[in-house]
Amino acid sequence: GDAMAFRISITADFYDECGEPKYSDFGLSVFDGHDSIDVAAFSQHKVEIGAEQLADAHAVLVLTPKITAESLRLASKLLVVSRFGVGFDSVDVASCTQNDVLVTIAKGAVDRPVAEATIAWMLALNHKVFQKDKLVRNGHWDARSNLMGTELRDKILGVVGLGGIGSHLVALIRGFGMKQPIAFDPFASAEVFDSLGVKQCSLDELLEMADFVSLHCPLTEETRGLIGPSQLNLMKPTAYLLNLARGGVVNEDALFDALSTGQIAGAALDCFVDEPVTTPHRFGDLENVILAPHSIAWTDELFRDIGRMSCNSIVDVLCGNLPHGVVNPEVLEKDSFKAKWRRVIG
C-alpha cells in the first residue's frame, strides 16, 4: 500500500503452511472498502509474538500467541491489540497500557457457541456417549447393562462465573426439566441472579450441591487453581466437572486423582495447563473424561462473529470511535495515546 496505509498484522496461526486461510470466514471482509488498509499475516508462527513482528504494525489481530512486554519493545506505532476471543490471559495488559496500546476482546461473540458446546458435553457425559460407542466398536454389546446413564431431569447445574457464557448457558438449559441452576460469581449483582432465575451461592455450597460443575470464569490470579483437592473433595461422587474456561483454573494433579479413583463421576475438558498438547495427554488414559483441543466451541458461526467483531474494533480505533470490548479503557484518556493516534493516523 501507499506510505499512509494503516498496517494490520494477523498472527500466522490463522493460515496453513501454504499461506492459505485455515478458516472460511474470520471477519477480514470488514476491511474491504477501506483502501488505506494493508492487511498481512506474520510470516512465522511464534508462541510469543516477537518484537520485530510488531515494529511496523498499527494494529494486530491475535489468535493464540502471547503478547509480552518484550513483544512491544519496538511497537512505537501500535494502537490496538485485538484478541480473537474473550480471554486475555495471554496478553500482558499492563505492558500494553504502559505502551499506549488498546486491548480489545470479542465480548459477547462466544457466548452462544460455548454455552451450546457445554450442553453437548453435559448430555454426552450423562448418557455415556463415548463409552457406549466403544462397546459397539469392540463388539461388547452385553456390557451395556453396566453403563446406565442418567438424565438432565431434576439435576442441578452449578455455574462458576455468571458472565456472558454462564448467562447464556442457564438460559439454553431451560426445557430439560432441571432444578433451579446455582452459580458462584462474586462479581455478578443480585439483579443478574434474579433476572436469570439463578440461585446465588458460595463456591463450597455449589460444589456440594451441583450435579454438573461448569467453569466459565477468566483465568486471573484469583481463579488460578480455584478447583483443587479440597474443592474436588466437596463434589458428589455422581457429579461431573466441565472446564471450557482455562486449564489453569483447575489443579490437574488433583483432578487426575479424583477421576482415577472415581471420587467424581467424570469430566469434560477443553483446556489444559500446558497448551498446545502435542503428545498424548495422561487424561486420555481415563475412561470417564471427554477431551478437546481448546476448540469444542469452534464453529463457522463463532469464527465469523468473533472475526467481524475483532476487525470492527480495529476499524473503530482507526476512525477514532470507541471500540467494542476494550479491556484497558484508561488508555483512551492518556494524552500520550492521543498524540500517538494523531501521529499514526495523521
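Preceding this section is the structure that the text describes.
Caption draft 1: Layout of the sheet that holds strand 5 (residues 102-105). If you walk across this open sheet you meet the five strands as 2-1-3-4-5, and the pairing is parallel. The sheet is open, and its two edges are formed by strand 2 (37-41) and strand 5, each paired on a single side. The average angle at which neighbouring strand axes cross in this sheet is 20°, direction not considered. Sheet topology note: the strand 4 (residues 80-83)/strand 5 ladder contains four bridges and is parallel. Across the sheet, residue V81 finds its bridge partner in strand 5, namely V103. Packing of helix 10 (residues 300-319) onto the sheet brings it into contact with strand 1 (6-10), strand 2, strand 3 (59-62), strand 4 and strand 5, and relative to strand 4 it is tilted by some 165°.

Caption draft 2: Geometry of the pattern of salt bridges. Scanning the model with the defined rule gives 14 salt bridges in all. The residue D56 makes a salt bridge to K77 at a minimum N-O spacing of 3.1 Å. Placement of D56 in the loop between helix 1 (51-54) and strand 3 and of K77 in the loop between strand 3 and strand 4 is noted, with a sequence separation of 21 residues between them. The partly exposed category is assigned to D56, whose relative accessible area is 43%. A salt bridge links D89 to R246; the shortest N-O distance between them is 2.8 Å. Residue D89 is found in the loop between strand 4 and helix 2 (93-98), and its partner R246 is found in the loop between strand 10 (240-243) and helix 9 (252-260); the two are separated by 157 residues along the sequence. Looking at D89, the relative accessible area reads 39%, which means it is partly exposed. With a relative accessible area of 17%, R246 lands in the buried category.

Caption draft 3: Focus on empty space enclosed by the protein. Scanning the entire structure with this criterion turns up one cavity of 30 Å³ or more. Approximately 30 Å³ is the volume attributed to the largest cavity. Considering the residues around the largest cavity, the lining is formed by N243, G247, V250, E252, L255, L269 and C271. Taken together, the residues of the lining of the largest cavity break down into four nonpolar, two polar and one charged.

Caption draft 4: Looking closely at the nonpolar core. Among the nonpolar cores identified, the biggest contains 61 residues, and F6, F14, F26 and L157 are the most heavily contacted of them. Residues I182, L206, L241 and A254 belong to the second largest nonpolar core, which totals 33 residues.

Caption draft 5: Focus on helix 11 (residues 335-345). Residues F337, K340 and V344 constitute the buried set of helix 11. Relative to the axis of helix 11, the buried residues are bounded by an arc of 65° and lie together on one face. In helix 11, the exposed positions that point more than 90 degrees away from the buried face belong to D335, R342 and R343. The inward-facing, buried residues of helix 11 contact strand 1 and strand 5. One or two positions beyond helix 11, positive phi appears at G346, with a value near 70°.

Caption draft 6: A look at the sheet that holds strand 7 (residues 182-184). Strand order in this open sheet of seven strands is 8-7-6-9-10-11-12, and the pairing throughout is parallel. The outermost strands of the open sheet, each flanked by one partner alone, are strand 8 (199-200) and strand 12 (289-291). Pairing analysis gives four bridges linking strand 6 (residues 157-160) to strand 9 (residues 212-215), with the strands arranged parallel. Across the sheet, L157 pairs through a bridge with F212, a residue of strand 9. Of the strands in this sheet, strand 6, strand 9, strand 10, strand 11 (266-269) and strand 12 are in contact with helix 3 (residues 111-126), which crosses strand 10 at around 150°. Strands strand 6 and strand 9 of the sheet are contacted by helix 5 (residues 164-172), whose axis makes an angle of about 165° with strand 6.

Caption draft 7: Expanded view of the packing of aromatic side chains. Within this structure, the stated rule accounts for ten aromatic pairs. Residues F256 and F283 carry aromatic rings whose centres are separated by 5.7 Å and whose planes lie at 65° to one another, so their mutual orientation is edge-to-face. Residue F256 is found in helix 9, and its partner F283 is found in the loop between strand 11 and strand 12; the two are separated by 27 residues along the sequence. Like F256, the residue F283 is buried in the burial classification. Taken together, the ring pairs in this structure connect F14, Y15, Y23, F26, F84, W298 and F303 into an aromatic cluster. Positioned over the ring face of F256 is R282, at 5.1 Å from the centre of the ring. A cation over an aromatic ring shows up here: R282 above the ring of F283, its NZ or CZ 5.8 Å from the ring centre.

Caption draft 8: Region of interest: the environment of K236. By the element assignment, K236 lies in the loop between helix 8 (229-234) and strand 10. The exposure class assigned to K236 is partly exposed, which follows from its relative accessible area of 26%. Along the primary structure K236 and A210 are separated by 26 residues, whereas in three dimensions their C-alpha atoms are 7.7 Å apart. Sequence-distant contacts of K236, defined by excluding residues within four places in its chain, comprise L207, E208, M209, A210, D211, Q263 and I264. A distance of 3.1 Å separates the side chain of K236 from the backbone oxygen of M209, its partner in a polar contact.

Rules behind the numbers
- Residues numbered from 1 in each chain as written.
- Predicted model: local features only at pLDDT ≥ 70, side-chain atom pairs only at ≥ 80, totals over all residues.
- Heavy atoms only, no water.
- Pairing = 2+ DSSP bridges.
- Helix = DSSP H or I, 4+ residues; strand = E, 2+ residues; numbered from the N terminus.
- Axes fitted to C-alpha atoms, helices over the stretch in contact; angles between N-to-C directions.
- Contact = heavy atoms within 4.5 Å.
- Salt bridge = Lys/Arg side-chain N within 4 Å of Asp/Glu carboxyl O.
- Buried < 20%, exposed > 50% of the residue type's maximum accessible area, 1.4 Å probe, protein only.
- 1 Å grid on protein atoms, 1.4 Å probe; cavity = no way out; pocket = protein on both sides within 12 Å on 5 of 7 lines; lining within 4 Å.
- Points joined across faces, edges and corners; volume = space filled by probe spheres on them.
- Nonpolar A, V, L, I, M, F, W, Y, C, P; charged D, E, K, R; others polar.
- Core = buried A, V, L, I, M, F, W, Y, C linked by side-chain atoms within 4.5 Å.
- Arc of directions from axis to C-beta.
- Phe/Tyr/Trp six-rings, centres within 6.5 Å; stacked < 30°, edge-to-face > 60°.
- Lys NZ or Arg CZ within 6 Å of the ring centre and 35° of its normal.
- Polar contact = N/O pair within 3.5 Å; in protein donor to acceptor, adjacent residues only side chain to side chain.

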